Amino acid sequence: MRAMIIKEFRQLRRDRRTLAMMIVMPILLLVILGYAASFDVSDIPTVVAGPGADVAATALPKSFQVAATYTATAAQTGTATAWAQDELRDGHAAVAIVTAGANGGPLILIDGSQLFTAQAALRQFAAQRSGASTAASTAASTADPVPGVAAVANATIQVLYNPQLKTSYIMIPGLAGVILVFVGTVITSLGVVRERQAGTLEQLAVMPLRPADVFLGKIVPYFAVAVADLVIVLAVGVAVFGVPFRGSFAVFGLGALLFVFVTLGLGVLISSVSQTQGQAIQLAVMTLLPQVLLSGLIFPLTSIVIGVRWIAYLLPLTYFTEISRGVMLRAEPIGSLWPPFVYLALLGAAVTGLAIWRFRAFLAPGAAR
Amino acid sequence: MTGTAGGDRPAIQWGAEAVSVSFGGLRALDQVSVAVWPGQVTAVVGGDGAGKTTLLRCVAGALAVAEGTVRRPGAQRIGYLPPDTGVYDDLSVAENLEFRSAVFGITGAVVGRRVGEYLERTGLAAARDRLAGQLSGGMRRKLGVIAAMLPEPELLVLDEPTTGVDPVSRADLWWLIARAAAGGAAILMSTTYLDEAARAAHVLVLDAGRTLAAGTPAEIVASVPGTIAVVPSRPDGVDERRRAWRRAGTWRVWQPVGQATAEVAGPTAGPSAEQGAAGLPARGLVTPDLQDAVCVAELRAELDGADA
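Residues numbered from 1 in each chain as written. Chains lettered and ligands numbered in written order. Predicted model: local features only at pLDDT ≥ 70, side-chain atom pairs only at ≥ 80, totals over all residues. Heavy atoms only, no water.

Participant: What's the story with helix α4 (residues 77–89) of chain A in this structure? I'm lost.
Facilitator: Since the α-helix advances by 3.6 residues per turn, residues separated by three or four positions end up pointing in the same direction. Here α4(A) spans 18 Å end to end across 13 residues, near enough to the 18 Å set by a 1.5 Å rise per residue. Looking one or two places after α4(A), you find Gly91(A), whose phi comes out positive at around 75 degrees. (Helix = DSSP H or I, 4+ residues; strand = E, 2+ residues; numbered from the N terminus. Expected span 1.5 Å × (residues − 1).)

Spelled out as structure tokens, the structure:
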């Protein structure tokens, strides 16, 4: 046994990447989970519309971060409500307060696709209503012209897109992305390095194949599997879990295509910088883990401290989750989703370009001096 | 792309000229040249770490050279057997050959005919549906050779095609190699078997990345200076020991030109009444073959290095 232990230590010492991962990963997890793992929502992005919207916005409690206001006359109630709904649909806010809804009273719209934020908002409103009834029973109060403490008590509250606040509604669109990362990055990363380890890459390098032939030949099967997985996940999500698909299939498909483009490129890139399948898996997991934890899939982005949140905005899954939830739950149009589309396209081009460059070097005759 | 031709050699010549390759601080090849002519086999021999694989990789195009020149046909016309056979363990024998055919654009009845013939000749026909990873080492090697030959290339680069293969299969593989050469292929192969190298038209002897000898087997044998004596056991003298090697149950001692007779006499060689022209014991002298010539070349390199 002693000999075995010594052998293992020697091998471990020489496998610098594994050693680094064993040391770095716990620290990384500690930082991420410490700062990101929070379901507590302190900021609720809010828009206010209707007569006196500007004044109402200033009267809101601090946790309601007013992103925009839309001041309208009493005659423009319908327009103000439509504007508020559009703001929620396009993901600009989680709560929309219409100072005068269709029935004349205040209307509060909550985006149920932002589950934790919606729950936090509902708790806030419930607390305000409780406070309002206490105040009314102890002292006479004049009519509150804005949806302050008293107005909230009379407001109609509607939760849109996910009225029952089901977890499966927000998880399944995001999980589709995780599966694409798993197939696109983790599995693909093994494909090229397996050729290197088996010694067949050298054979490919001298065969009459262009690097593009090998590159595409390697990723097309994974692409097909990723697409099949995506379809299965969505079909099960819709059929079994009742997750709605309210938006455009084409918009969703385009977003998924761009996202797969990024994940496959990442997979090949990882493969081309890894010597062994073990190293490839380690690197792939190191890209998968932050995406699962920081993309907003589990923890709300607004709950992650700024010092760590910027990482979330670099991760492709953050944008795919935004697209998939937006399209599936809120029927968000491509016009309002262009930032994640553009980011994924740019990231995909950069990652795939780098992967092709590395791949060409991988396939080209080895360096010799 | 054509090179110089000499004598009755065909005009087109593939190979490497003054090629040097380093890996880190290690000089794997140092100004090595090798030529391969259509219809002929050139064998590269040498001990472990001599640079055989590196040279073959350079010629096949799997390794770039910063120094020297490599002449080879286009990838469509090269067949290459890498050290680890280059076959996919998780594909069957037939699927491996199907893949290779498709990459080289071999289609239709030609594929079936060639594959059938090669598999039959090498005894792999019964294993055509077995995964390559489930084959024995020798069978995988044969599969690798077949795969390299399948496109009937102009230049065939085979890295130790017969290593680990049983004698019968070796004969089968040599039949294939000879047939490819007869069909006009230029064949560059490395081998650790000097009896195989002796069958080649040209031999290159490498040691530690340097050329020790090159030419036809006869030329290399003829270039051995001095004589070689057979003794039944290892010589006693320090100097003789450095020039001795074991072969087939006896020892052979290389005697450089001008060495005294006594220096080569082994402890049990017994007295010899007959003396050779150079003062050597005529009894026990052998006519060197390629194996002896290569051993002498390696000993000379070693002794020269030690003296330097």
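Participant: Would you mind going over the packing of helix α3 (residues 109–122) of chain B against helix α4 (residues 137–149) of chain B with me for this structure?
Facilitator: All names here are of chain B. The geometry of α3 relative to α4 is characterised by a closest axis approach of 11 Å and an angle of 150 degrees between their N-to-C directions. When the axes of α3 and α4 are compared, the pair comes out roughly antiparallel. The chirality of how α3 crosses α4 is right-handed. For the pair α3 and α4, the contacting residues are Tyr 118, Leu 119 and Thr 122 in the first and Lys 142, Ile 146 and Met 149 in the second. Its residues placed into classes, the contact of α3 with α4 shows 4 nonpolar, 1 polar and 1 charged. (Axes fitted to C-alpha atoms, helices over the stretch in contact; angles between N-to-C directions. Parallel < 35°, antiparallel > 145°, perpendicular 65-115°, else oblique. Left-handed = near helix turned anticlockwise from the far one by under 90°. Contact = heavy atoms within 4.5 Å. Nonpolar A, V, L, I, M, F, W, Y, C, P; charged D, E, K, R; others polar.)

Participant: Please clarify how the environment of Gln13(B) should be interpreted in this entry.
Facilitator: Looking at the secondary structure, you find Gln13(B) in the segment before β1 (14–23). Measuring from C-alpha to C-alpha, the distance between Gln13(B) and Asp207(B) comes to 24 Å, with 194 residues separating the pair along the chain.

Participant: Is there a simple way to explain the nonpolar core in this structure?
Facilitator: Inside soluble globular proteins, nonpolar side chains tend to come together where they are buried. Core analysis: the biggest nonpolar cluster contains 136 residues, and Val95(A), Leu97(B) and Ile187(B) have the highest contact counts within it. For Leu97(B), the contacting residues outside a window of four places in its chain are Val115(B), Leu119(B), Leu143(B), Ile146(B), Ala147(B) and Leu150(B). Counting 26 residues, the second largest nonpolar core, distinct from the first, contains Trp14(B), Ala16(B), Val36(B) and Leu155(B). (Core = buried A, V, L, I, M, F, W, Y, C linked by side-chain atoms within 4.5 Å. Buried < 20%, exposed > 50% of the residue type's maximum accessible area, 1.4 Å probe, protein only.)

Participant: For this particular structure, what's the right way to read the confidence of the model for chain B?
Facilitator: For residues with low pLDDT, the predicted coordinates do not support detailed interpretation. Residue and element names in this part refer to chain B. For chain B, mean pLDDT is 86; residues scoring 70 or higher make up 87% of the total. Across residues 1–6, where pLDDT falls below 50, the model places 17 contacts with residues more than four positions away in sequence or in other chains. Low pLDDT, under 50, characterises residues 260–283; the stretch is placed with 40 contacts to residues that sit more than four places away or in other chains. On the interface metric, ipTM, the complex scores 0.80, and its pTM is 0.77. (pLDDT = per-residue confidence, 0-100.)

Participant: I keep staring at the packing of aromatic side chains and nothing clicks. Help me out?
Facilitator: To describe a pair of aromatic rings, you give the distance between the ring centres and the angle between the ring planes. For the structure on display, the rule yields 6 aromatic pairs over all chains. Members of the aromatic cluster, joined through ring pairs, are Phe245(A), Phe249(A), Phe252(A), Phe259(A) and Phe320(A). Taking NZ or CZ as reference, Arg121(B) lies 4.1 Å from the ring centre of Trp175(B), over its face. Between Arg170(B) and the ring centre of Tyr193(B), over which it is positioned, the NZ or CZ distance is 4.0 Å. (Phe/Tyr/Trp six-rings, centres within 6.5 Å; stacked < 30°, edge-to-face > 60°. Lys NZ or Arg CZ within 6 Å of the ring centre and 35° of its normal.)

Participant: Help me understand the pairing of β1(B) in this model?
Facilitator: The side chains of a regular strand alternate, first on one face of the sheet and then on the other. All names here are of chain B. Burial within β1 is extensive, with 7 of its 10 residues counted as buried. If you look at the hairpin formed by β1 and strand β2 (residues 26–36), you'll find 2 residues sitting between the two strands, and Gly 24 has a positive phi there, around 65 degrees. As judged from the 4 bridges shared by β1 and strand β4 (residues 67–71), these two strands associate in the antiparallel manner. Counterpart to Ser 20 in the pairing with β4 is Glu 67. (Pairing = 2+ DSSP bridges.)

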